[in-house]
Amino acid sequence: MKKIVSTNKAPDAIGPYNQGTTFGDLVFTSGQIALVAETMELVEGGIKEQSVQVMENLKAVLEEANSSYDNVLKTTCYLSDMDNFVAFNEVYGQYFKAEDAPARATVAVKTLPKNVLVEVDAIAFKN
């Protein structure tokens with residue numbers, strides 16, 4: 001049975017979707033962007049600051065679903081500019097080590113919600 005994942009430690013959805021859902025032992029997160037949960041304002045700074053905020057938001061959703069970065073099977077990463085790939089990877093690598101990192105797709109997109117620089121979603125399993 002599908003269950004909704006919701007936490008006040010990550011930004012509220014800005015459309016008709018939820019922060020995440022679970023089905024059995026699987027966790028599906030919505031794309032997280034660089035909004036600060038408490039203010040719903042975009043974090044100040046560039047790609048590195050936004051990437052940290054995105055990864056912290058994603059972590060909060062995973063934890064609310066009784067999961068963690070250790071359980072992530074796949075991520076999809078959306079960049080508004082592929083020139084930010086190296087800087088994004090520097091931050092991403094602080095959350096996932098290469099030897100046990102999940103599968104991943106990274107795509108460049110024309111624009112993202114609120115004109116952010118990065119968005120990440122994940123599929124994981126519960127602890």
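The structure we're discussing is the one just above.
Figured I'd write up the structure that's included with this text. (Residues numbered from 1 in each chain as written. Predicted model: local features only at pLDDT ≥ 70, side-chain atom pairs only at ≥ 80, totals over all residues. Heavy atoms only, no water.)

The next point concerns helix H2 (residues 85–95). Restricting attention to buried positions, one finds in H2 the residues Ala87, Phe88, Val91, Tyr92 and Tyr95. End-on view of H2: buried residues confined to an arc of 135°, all on one side of the axis. Relative to its buried face, H2 has exposed residues pointing more than 90 degrees away, namely Val86 and Gln94. The elements touched by buried residues of H2 are helix H1 (47–64), strand E4 (72–79), strand E5 (103–108) and strand E6 (118–125). (Buried < 20%, exposed > 50% of the residue type's maximum accessible area, 1.4 Å probe, protein only. Helix = DSSP H or I, 4+ residues; strand = E, 2+ residues; numbered from the N terminus. Arc of directions from axis to C-beta. Contact = heavy atoms within 4.5 Å.)

One open sheet holds the six strands; their spatial order is E1-E2-E3-E6-E4-E5, and the pairing between them is mixed. The open sheet has two edge strands with one neighbour each: strand E1 (2–5) and E5. Ignoring which end each strand starts from, the neighbouring axes of this sheet average 15° apart. Set on the sheet, H1 makes contact with E1, strand E2 (20–23), strand E3 (26–29), E4 and E6; between it and E6 the angle comes to about 25°. (Pairing = 2+ DSSP bridges. Axes fitted to C-alpha atoms, helices over the stretch in contact; angles between N-to-C directions.)

A few words now on the nonpolar core. Generally speaking, soluble globular proteins have nonpolar side chains that are buried together. Met55, Tyr69 and Val120 are the most contacted members of the largest nonpolar core, which has 27 residues in total. Of all the secondary structure elements, the ones that give two or more residues to this core are H1, E4, H2 and E6. Here Tyr69 is in contact with Met55, Glu56, Leu58, Lys59, Leu62, Tyr95 and Phe96, once residues within four sequence places are set aside. (Core = buried A, V, L, I, M, F, W, Y, C linked by side-chain atoms within 4.5 Å.)

Looking now at the pattern of salt bridges. The tally for this structure, following the rule as stated, stands at one salt bridge. Linking Lys48 and Glu90 is a salt bridge whose minimum nitrogen-to-oxygen distance equals 2.6 Å. With a gap of 42 residues between them, Lys48 in helix H1 and Glu90 in helix H2 connect regions that are remote in the sequence. Residue classification places Glu90 among the partly exposed positions, given a relative accessible area of 41%. (Salt bridge = Lys/Arg side-chain N within 4 Å of Asp/Glu carboxyl O.)

The next point concerns the pairing of E6. Extensive coverage of E6 is indicated by the burial of six of its eight residues. Bridge count between E3 and E6: three bridges; the pairing is antiparallel. Its bridge partner lying in E6, Val27 is registered against Ala124. Pairing of E4 with E6 involves seven bridges; the strand directions are antiparallel. Looking at the pairing, Thr76 lines up with Asp121 of E6.

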